[in-house]
Structures are given as C-alpha cells and as structure tokens.
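Descriptive analysis of the structure
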Amino acid sequence: MSSITDGDIERLRGAFDRHIDVGLHHGAQLAVYVDGELVVDFSGGTNAPDGEPTTSDQRHVIFSCTKPYVGVAVHQLVEEGQLAYDDRLVDYWPEFAEEGTQKAEITVEQVLSHTAGIPFGDLDGQPEKWTDWDAVVAAMEDIEPVFPPGEQPAYHTTNYGWLTGELINRVTGGPVREVVAERVFEPLGLDNTSIGIGEDGDPDEVATLAGFEEFDRCRDPGEGLGVPASDSAAQFNDPALQRAVIPAANGVSTARDMARFYACLANGGTLDGVDLLSEETVEYAAEVHAETESDGTLSRPARYGLGVWVGGLPNDMFGTVSTDSAFGHAGLGSNFGWADPELNVGFAYVTNGIREESYEQAARMNAMADAVRLVVE
C-alpha cells in the first residue's frame, strides 16, 4: 500500500480548501481509495449558497458521472451472455428502428462508446419530458442519426442514458433504476448512491446547485455543451427532475461512494469480496474504442472506452501527466471520478458548483487530480 503521511494529507487538504476559499463552488467532497482502502475523505464548504456545512454523507447531483454505473450493468449482462457488444439495439428493442435503415445497425458497443450517431435531438431541449419514461423512449424511436453510426465520436449527453436504460429494461424486464441498484450500488455498499432520489425521495437531502458566471480568461475555449450554468442548476434543483429516471445525468451520490466504485474497478473489478466485473471486462471497457480531435458534441478532443472516458490526453481531467491506463467520467460542474489500475487508486471529487465552459472545469479537475497523484505515487 502507498505510504501517505500526515503531511501529505495536510497538503492535499490545503489544495482542497483553496478551491472553496476562492469561490469555485460553495461546497465539495474529495475521497481517495488506495489499494482498496479509504485514505482521504474530505468535505468542506456549505451544501447550498447559504446552507449548512457540507459533510461526507451529503448527497449531490453528480450529472454524467452517473453514466459508468449504468455502463457496468450493461457489461454484466454481456458477461452473463444476455447481450453481446456487437448486438444491434433493434434486436432487443424492435421499435427502435426500421430494418434496413442506418439506425437499425446501431450496436451496443457504439452506444457505450458514443459513436451511435444520435448524440442529440429535439428531446435535449425538452426537459419537461425527461420525467416521462414512455416519452423519452418514443423520442429515441423517432430520432434520426446526426452522423452515420460508428463513424463520428460525439458525446451522447442524455441519449446515452435513454438508450442504455431502455436496453437494460428490455433485456432484464427493468426498471433500470432498480436493476442498477441491485447489480451495482447494493453489492458495493454504495448506500448514498442512486439514479435520482426516487418518487418518494426528499430533495432537501440533496445539495443545492449553484450556477456561477464565467471567470475572466485569456481565450474563449469554444467547447462544452453551451448551456448557461444558471439554467443547468435550476433544472437539476427541480424536485421533479431529481425524482425522475435519467440514467445519464441525475445520479445522486457522495465522493466516498464514487471513489469506492472506482477503487473496485482499479482493482480489476473486485473489492472486499464483491466481484462486480471480471478483470478482462474492466480491461476491455477501459481500452480506447473511439478517439477524435473534435468531438461532434463537445468540440474538443476525446477518448472513449465503453461507458467511460480514457485518460492520456493533454486536455483531459485525469491529471497533467495522466496515461491511458486511467479511466472514469466527469459530470457537469466539477464532478469527476476515475480509476488508475497502475496505482490501484479510486478517486472522486464532487461539488455543488457549475460553471459554463468545460475548459475551466478541466483546469480545476486537473489541479485536484495532480495533488492526489503527488501524494500517492
């Protein structure tokens, strides 16, 4: 096990506190597992602009950090022989596409690697429909490809969740929220993690999101989703959206739970006697399956595994000197979790602040990842 001294922890705490002190967000959590052991579990700031002190148990909306949890459930179905990566979605979901069309050739692997060619559509601008599963399924059945399937990597911001979620429903009988809980959250003891808060969930238990204005900077990065931070905060502070099933975007969790999830993956899919995935599946999922200099949605370089992002790019969030052995996923604001099998580290940083452009987020996440790597390597 890596030897982390009290001095190391103190310096890391200083880096964590500075992000709050300079106003990057109101509250945050940082958790790190090394060799299967929780070695860092920080919390600080407040759970709302004028809220109570943030604790390590405070639940936060984690946005797209939800995607890998759902991806793991798909990988488990592949391991069990209920699915194959090169299977077509239409084989399980006949209404998804008409035989003989481009869309009918979309595969499970293309969905997981953001190369399915249907990254966005009318539904993205209709959040009032996101609470109605039948409506989102119908939208996925009606949507037409933006790019030829399998050709252009383009981040499927919410469509990833509708596609994987309905696929899981069709194969298992669903519902996806319960399937992922039974297969991923409960075995690992992720007691504070769920897809949404459920129909009877209490929104007061979730940290309040705040949208911040952009910082002054030397250039406009021209990348990201282009949604004003205040709009995203208002949407996902809405109790109706928090209670909905949005498998790509409305997971609720803590940094401690997320770091435990990645600790399991960093350790080959096994932790504390729980076999989440085989080591071979983890390795396959963490390979680069799609890479681009300009993502069709985010307009920046990207490397996609299956359900995860892969490190090794100069602009990624895994750290300044990350390698392609690291994999994980970011969420809007400054939410990020990753696994590094070489170091056997699981990392998670969770906040309640959102800024508009991904460049600023990447800079913040890189700084925190570097601080962690400095003390564990």
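A brief structural summary. (Residues numbered from 1 in each chain as written. Predicted model: local features only at pLDDT ≥ 70, side-chain atom pairs only at ≥ 80, totals over all residues. Heavy atoms only, no water.)

With respect to the sheet that holds strand β3 (residues 60-63)
Heads up, the rule is: Strands qualify as paired when DSSP identifies two bridges or more between them. Put simply, DSSP marks the helices as runs of H or I at least four residues long and the strands as runs of E at least two long, and each gets a number from the N terminus on.
If you trace the three strands from one edge of the open sheet to the other, you get β3-β6-β4, paired in antiparallel fashion. Sheet topology places β3 and β4 (194-195) at the edges, where each strand pairs with a single neighbour. Where β4 meets strand β6 (residues 251-253), two bridges bridge the pair, whose relative direction is antiparallel. The partner of Ser-194 across the bridge, within β6, is Val-252.

Structural notes on the packing of aromatic side chains
So the rule is basically this: Stacked, tilted and edge-to-face pairs are distinguished by plane angle, under 30 degrees for stacked and over 60 for edge-to-face with tilted covering the rest, among Phe, Tyr and Trp rings (Trp via its six-membered ring) whose centres lie within 6.5 Å. Buried residues are those whose accessible area, probed at 1.4 Å on protein chains only, stays under 20% of the maximum for their type, while exposed residues exceed 50% and partly exposed ones sit between those limits.
Following the criterion strictly, the structure yields eleven aromatic pairs and no others. Ring geometry for Tyr-69 and Phe-185: centres 5.1 Å apart, planes at 80°, overall edge-to-face. Of this pair, Tyr-69 sits in helix α2 (residues 67-79) while Phe-185 is found in helix α6 (residues 176-188), placing the two residues 116 residues apart along the sequence. The class of Tyr-69 is buried, set by a relative accessible area of 1%. Taken together, a centroid distance of 5.9 Å and an interplanar angle of 75° make the contact between Tyr-155 and Trp-309 edge-to-face.

Quick notes on the side chain of Ser-56
Note the cut-off: Two N or O atoms form a polar contact when they lie within 3.5 Å of each other; inside protein one atom must be a possible hydrogen donor and the other a possible acceptor, and for residues adjacent in sequence the pair counts only when both atoms belong to side chains.
Structurally, Ser-56 can be placed in the loop between β2 (37-45) and β3. Overall, the relative accessible area of 13% leaves Ser-56 in the buried class. Within polar-contact distance, the side chain of Ser-56 engages the side chain of Asp-41 at 3.2 Å.

Some remarks on the nonpolar core
Our working rule: Think of a nonpolar core as a cluster: buried Ala, Val, Leu, Ile, Met, Phe, Trp, Tyr and Cys residues, connected wherever their side-chain atoms sit within 4.5 Å. Throughout, a residue-residue contact means that at least one pair of heavy atoms, one from each residue, lies within 4.5 Å.
Ranked by size, the top nonpolar core spans 84 residues in total, and within it Tyr-69, Val-180, Phe-261 and Leu-265 carry the most contacts. The dominant element in this core, judged by the number of residues it contributes, is helix α9 (residues 255-266), at nine residues. Not counting chain neighbours up to four residues away, the residues in contact with Leu-265 comprise Leu-276, Leu-277, Val-282, Phe-327 and Ala-339. Counting 33 residues, the second-largest nonpolar core is a separate cluster that includes Phe-16, Leu-298, Val-372 and Val-376.

Digging into the environment of Pro-341
Take Pro-341: it is sitting in the loop between β13 (335-340) and β14 (345-351). For Pro-341 and Ala-263, which are 78 residues apart along the polypeptide, the C-alpha to C-alpha distance reads 8.7 Å. Among residues more than four places away in sequence, those in contact with Pro-341 are Ala-266, Ser-325 and Phe-327.

Digging into the pattern of salt bridges
Our working definition: Salt bridge, as applied in this entry: a Lys or Arg side-chain nitrogen positioned within 4 Å of an Asp or Glu carboxyl oxygen.
A full pass over the atoms with the stated rule returns 13 salt bridges. With its nearest N and O atoms 3.3 Å apart, the salt bridge here joins Glu-105 to Arg-88. Separated by 17 residues along the polypeptide, Glu-105 in the loop between α2 and α3 (108-112) and Arg-88 in the loop between α2 and α3 bring together distant segments of the chain. Its relative accessible area of 17% is what places Arg-88 among the buried residues.

Points about a negative patch on the surface
Heads up, the rule is: Patches in this entry comprise residues that are over 30% relatively accessible and not in a salt bridge; like charges within 9 Å are linked, as are nonpolar side chains (Val, Leu, Ile, Met, Phe, Trp, Tyr) within 5 Å. Residue-level accessible areas treat just the shown protein chains as cover; the underlying method is Shrake-Rupley with a 1.4 Å probe. Residues scored as charged are limited to Lys and Arg (positive) and Asp and Glu (negative), so that His and the chain ends carry no count. Where a charge lies is defined by one atom per residue type: Lys uses NZ, Arg uses CZ, Asp uses CG and Glu uses CD.
Taken together, the side chains of Glu-79, Glu-279, Glu-280, Glu-283 and Glu-287 define an acidic patch exposed on the protein surface. No other element matches the three residues that helix α10 (residues 279-285) contributes to the negative patch. On the secondary structure map, Glu-279 appears in helix α10.

Observations concerning unusual backbone geometry
With omega at 0°, the peptide bond leading from Gly-174 into Pro-175 counts as cis. For Pro-175, the position within the fold is in the loop between α5 (159-172) and α6. Backbone geometry places His-114, a non-glycine residue, at a positive phi of 60°. Assignment of secondary structure puts His-114 in the loop between α3 and α4 (133-142). In this structure, Asn-344 is a non-glycine residue whose phi angle is positive, near 55°. Along the polypeptide, Asn-344 turns up in the loop between β13 and β14. Exposure remark for Asn-344: the relative accessible area of 14% places this residue in the buried category.

So, the pairing of β3
Neither face of β3 is open: one carries His-60 and Ile-62, the other Val-61 and Phe-63, and all of them are buried. Examined bridge by bridge, β3 and β6 share three bridges and lie antiparallel to one another. When the sheet's bridge partners are listed, Val-61 is paired in β6 with Val-252.

Examining the packing of α2 against α9
Short version of the rule: Axes here refer to lines fitted to C-alpha atoms; in helices the fit is confined to the stretch in contact. Angles between the N-to-C directions go from 0 to 180 degrees. By definition in this entry, angles of less than 35 degrees are roughly parallel, angles greater than 145 are roughly antiparallel, angles of 65 to 115 are roughly perpendicular, and the rest are oblique. Less than a right angle of anticlockwise turn of the near helix away from the far helix marks a crossing as left-handed, whereas a clockwise turn marks it as right-handed. When residues are sorted by character, Ala, Val, Leu, Ile, Met, Phe, Trp, Tyr, Cys and Pro go into the nonpolar class, Asp, Glu, Lys and Arg into the charged class, and all the rest, Gly among them, into the polar class.
Following both chains from N to C, one finds α2 and α9 inclined at 40°, their axes separated by 12 Å at the closest point. Classed by the angle they form, the pair α2 and α9 counts as oblique. Of the two possible hands of crossing, α2 and α9 adopt the one that is left-handed. Here Pro-68, Tyr-69 and Val-72 of α2 lie close against α9, whose contacting residues are Met-258, Phe-261 and Tyr-262. Classifying every residue of the contact of α2 with α9 by side-chain character gives six nonpolar, no polar and no charged.

A closer look at the pairing of β13
In terms of burial, β13 is a largely internal element, six of the six residues being buried. The alternating pattern of β13 places Asn-335, Gly-337 and Ala-339 and Phe-336, Trp-338 and Asp-340 on opposite faces, both of which are buried. As paired elements, strand β12 (residues 327-331) and β13 share five bridges and run antiparallel to each other. Its bridge partner lying in β13, Ala-330 is registered against Phe-336. Following β12, the chain reverses through three residues before pairing antiparallel with β13; Gly-333 in that reversal takes a positive phi of roughly 85°.

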